[in-house]
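Here is what each chain is made of, one letter per residue.
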Amino acid sequence: MLHLQIIEKQAAVYHCTAVVDFMEDRPLPHPAMKNDDALYEHVKNVGEVLVGEPNVHLMPLTMGAEDFSFFAEKTAAAIFFVGIKNETLKSSQHLHSPYFFIDEEALPLGAALHAASAISYFYRHDVNTE
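The numbers attached to residues start from 1 for each chain and follow its sequence in the written order. At least 70 in pLDDT is required for a residue's local features to be given in this predicted model, at least 80 for side-chain atom pairs to be given and counted, and no such filter applies to totals for whole chains, interfaces and linings, which use all residues. Side-chain descriptors were evaluated using all non-hydrogen atoms of the structure, hydrogens and water having been removed beforehand.

Peer 1: Just checking my understanding: could you explain the overall build of the protein chain for this structure?
Peer 2: Note on conventions: DSSP H or I runs of at least 4 residues are helices, E runs of at least 2 residues are strands, and numbering of each starts at the N terminus. What the protein chain contains, in helices and strands, is four helices and zero strands. Across the protein chain, helices and strands are ordered from the amino to the carboxyl terminus as α-α-α-α. In terms of overall size, the protein chain is more extended than a compact globule, its C-alpha atoms giving a radius of gyration of 21 Å where 130 residues would be expected to give roughly 14 Å. The C-alpha extent of the protein chain, read off along each of the three principal axes, is 65 × 40 × 25 Å. Counting all 130 residues of the protein chain, 16% fall into the buried class. Taking as baseline every contact in the protein chain between residues at least 6 positions apart, the subset at least 24 positions apart corresponds to 54%. The Shrake-Rupley method, run with a 1.4 Å probe, gives the accessible areas here. Residue values count only the displayed protein chains as cover. Counting only carbon and sulfur atoms, one obtains 60% of the accessible surface of the protein chain, whose full area is about 11200 Å². We score Asp and Glu as negative and Lys and Arg as positive, and we do not count His or the chain ends. Throughout, a charge is located at the NZ atom of Lys, the CZ atom of Arg, the CG atom of Asp or the CD atom of Glu. Computed over 8 positive and 18 negative side-chain charges, the separation of the two mean positions in the protein chain equals 6 Å. In this treatment the radius of gyration is a C-alpha quantity, and the globule benchmark scales as 2.2 Å times the residue count to the 0.38 power. Only protein chains enter the accessibility calculation, which uses a 1.4 Å probe; a residue is then buried when its area is under 20% of its type maximum, exposed when over 50%, and partly exposed in between. By the convention used here, residues are in contact when the closest approach between their heavy atoms is within 4.5 Å.

As C-alpha cells, this is what we get:
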C-alpha cells in the first residue's frame, strides 16, 4: 500500500511516526444516506412544477458523510439541494470553496420548495398533524 509508505516516510522526515487507521474493524460513523424512492419522486415533481423540469437536476453520488442519514434510518426522508449558479454574482463556486458566495435571491425559492413539498405531501397523504 504505497500511500501508507508515503505517510510513514513523510513522518520520518520530521522524526515522527504516523499511524493510519481506516477503522475497518468498527462500524462507520455515519450510515449511507439513501432517499426514500416515493418521497424523492414527490419532491422532484414539486421542484419541476416550481422551477420547470429543465431546472431540476439529479445530483451525482458522493462519498461525503451526511448526518441527515441518521434521520433517514428512522423515517422516510429525501435530501435535496437548492443550487445557485449566478455567474453575474460569481456564485458558481462549490460550497466548500474559499471563493463561495451565496446568491441570497435563491433563499425564497428554497423556502418555497420546502413549504410546497410539505403542504402537497400532507394534502395527498391524509397526514394527521394533531
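Peer 1: I'm lost on the pattern of salt bridges in this one. Help?
Peer 2: For side chains bearing opposite charge, pairing can occur when the charged atoms are close. What makes a salt bridge here is a side-chain nitrogen of Lys or Arg within 4 Å of a carboxyl oxygen of Asp or Glu, nothing more. The tally for this structure, following the rule as stated, stands at two salt bridges. Between Lys34 and Asp37 there is a salt bridge, with its nearest N and O atoms 3.9 Å apart.

Peer 1: Explain unusual backbone geometry to me, please; I cannot follow it from the model alone.
Peer 2: Comment: phi is negative for the bulk of residues other than glycine, and the bulk of peptide bonds are trans. Phi angles above zero are rare outside glycine, and His15 is one such case at about 60°. The residue His15 is located in the loop between helix H1 (2-13) and helix H2 (37-51) in this model.

Peer 1: Could you clarify how one ought to interpret the packing of aromatic side chains in this entry?
Peer 2: When we look at a pair of aromatic rings, we describe it by the centre distance and by the angle of the planes. Note on aromatic pairs: the rings of Phe, Tyr and Trp (six-membered ring only in Trp) are paired at centre separations within 6.5 Å, and the planes decide the class, stacked below 30 degrees, edge-to-face beyond 60, tilted for the rest. The tally for this structure, following the rule as stated, stands at one aromatic pair. Plain terms: the ring middles of Phe68 and Phe71 are 5.4 Å apart, the flat faces sit at 35° to each other, and that makes the pair tilted. In this pair, Phe68 and Phe71 both sit in helix H3 (residues 68-74), three residues apart, roughly one turn of the helix. Taking the relative accessible area as the measure of exposure, Phe68 reaches 26% and is therefore partly exposed.

Peer 1: Sorry if this is basic, but what is going on with a nonpolar patch on the surface here?
Peer 2: Surface patches are defined over residues having more than 30% relative accessible area and no salt bridge, joining like charges when they lie within 9 Å and nonpolar side chains (Val, Leu, Ile, Met, Phe, Trp, Tyr) when within 5 Å. Nonpolar side chains collect at one region of the surface, where Leu50, Val51, Val82 and Leu109 lie side by side and expose about 260 Å² of accessible area between them. Assessed through its relative accessible area of 36%, Leu50 is described here as partly exposed.

Peer 1: Can you help me understand the environment of Glu105 in this one?
Peer 2: Looking at where Glu105 falls in the secondary structure, it is placed in the loop between H3 and helix H4 (107-125). For Glu105, a relative accessible area of 69% corresponds to the exposed category. As a C-alpha pair, Glu105 and Asn86 span 19 residues in sequence and 9.7 Å in three-dimensional space.

Peer 1: Would you explain the side chain of Ser91 in this entry?
Peer 2: With respect to the secondary-structure elements, Ser91 resides in the loop between H3 and H4. By relative accessible area, Ser91 is classed as buried at 0%. Here the side chain of Ser91 touches Asn86 through a polar contact of 3.0 Å, landing on its backbone nitrogen. Setting aside its immediate chain neighbours within four residues, Ser91 contacts Ile84, Lys85, Asn86, Phe101, Ile102 and Asp103. Whenever two N or O atoms come within 3.5 Å, that pair is a polar contact, provided that in protein one can donate a hydrogen and the other can accept it, and provided that, for residues adjacent in sequence, both atoms are side-chain atoms.

Peer 1: Looking at this structure, how should I read the packing of H2 against H4?
Peer 2: If you want to describe how two helices pack, look at the angle between their axes and the distance between the axes. Look at H2 against H4: their axes get within 9 Å of each other, and the N-to-C directions meet at 125°. Considering their axes alone, H2 and H4 lie oblique with respect to each other. Viewed along their axes, H2 and H4 form a crossing whose handedness is right-handed. Across the interface between the two elements, Leu39, His42, Val43, Val46, Gly47, Leu50 and Val51 from H2 touch Leu109, Ala112, Leu113, Ala116, Ser117, Ser120, Tyr121 and Arg124 from H4. Here the axes come from fitting lines to C-alpha atoms, over the contacting stretch only for helices, and the angles between their N-to-C directions go from 0 to 180 degrees. Oblique is the label for every angle not falling under 35 degrees (roughly parallel), over 145 degrees (roughly antiparallel), or within 65 to 115 degrees (roughly perpendicular). Handedness of a helix crossing follows the sense of rotation of the near helix relative to the far helix, less than a right angle counterclockwise being left-handed and clockwise being right-handed.

Peer 1: Teacher, can you tell me more about H1 here?
Peer 2: One turn of an α-helix holds 3.6 residues; hence residues three or four places apart share an orientation. With twelve residues, H1 ought to run about 16 Å at 1.5 Å a step, and its terminal C-alpha atoms sit 17 Å apart, in line with that. A positive phi of about 60° marks His15, the residue just after H1. Working rule for helices: expected span equals 1.5 Å times residues minus one.

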